[in-house]
Amino acid sequence: VQLVESGGGLVQPGGSLRLSCAASGFTFSSYGMSWYRQAPGKERELVAAISSTGGSRDYADSIQGRFTISRDNSKNTVYLQMNSLKPEDTAVYYCKVRFILNSYWGQGTQVTVSS
């Protein structure tokens, strides 16, 4: 199993970024996926989750209405579109897949929101 995030970077407050997570090594279309983030000195927190078909999505209250999770099962990729970014969104963003017995994480991509 491999998860590779990309798309992070430095953006000004109010700006947008789209994160991607390319998955391999498992049947991507059979599993829900999720995005987490971890800010310095804080615990890792769930940002958004999407079901295997994309028909169900859940979001943390802190990003509701600003972030959108989506997936393309033909490309084995899950996305996180982030709009109206705030300094408090600064964190390392990780994608995750959870199986019955274990979970796998990507290496993370840094998002920094600063003027």
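Rules used in this analysis
Along every chain, residues carry numbers that run from 1 in the direction the sequence is written. Only residues with pLDDT of at least 70 are given local features in this predicted model, and only at 80 or more are side-chain atom pairs given and counted; all residues enter the totals for whole chains, interfaces and linings. To obtain the side-chain values, all non-hydrogen atoms of the structure were used and water was disregarded. A pair of aromatic rings is counted whenever rings of Phe, Tyr or Trp (Trp by its six-membered ring) have centres within 6.5 Å, and the orientation is called stacked for planes under 30 degrees apart, edge-to-face for over 60 and tilted otherwise. Put simply, DSSP marks the helices as runs of H or I at least four residues long and the strands as runs of E at least two long, and each gets a number from the N terminus on. Burial here depends on accessible area, computed with a 1.4 Å probe over protein chains only, as a share of the maximum for the residue type. Under 20% is buried, over 50% is exposed, and the range in between is partly exposed. The salt bridge definition used is simple: a Lys or Arg side-chain nitrogen within 4 Å of an Asp or Glu carboxyl oxygen.

(A) Broad picture of the packing of aromatic side chains. As enumerated under the stated definition, the model contains seven aromatic pairs in all. Between the aromatic rings of tyrosine 31 and phenylalanine 99, the centroid separation amounts to 4.7 Å while the plane-to-plane angle is 80°, which identifies the pairing as edge-to-face. Here tyrosine 31, found in the loop between strand E3 (17-24) and strand E4 (33-38), pairs with phenylalanine 99, found in the loop between strand E9 (91-98) and strand E10 (103-105); they are 68 residues apart in sequence, far enough to count as distant. For phenylalanine 99, a relative accessible area of 16% gives the class buried.

(B) Inspection of the pattern of salt bridges at higher detail. Going through the model one piece at a time under the given rule, you end up with three salt bridges. Among the salt bridges present, the one from arginine 66 reaches aspartate 89, with a minimum N-O distance of 2.7 Å. Highlighted residues: arginine 66 in the loop between strand E6 (57-59) and strand E7 (67-72) and aspartate 89 in the loop between strand E8 (77-82) and E9, separated in sequence by 23 residues. For the pair formed by arginine 66 and aspartate 89, the shared burial category is buried. A single network of salt bridges, built from pairs that share partners, joins Arg37, Glu45, Arg66 and Asp89.

Nothing here speaks to function; it is geometry throughout.
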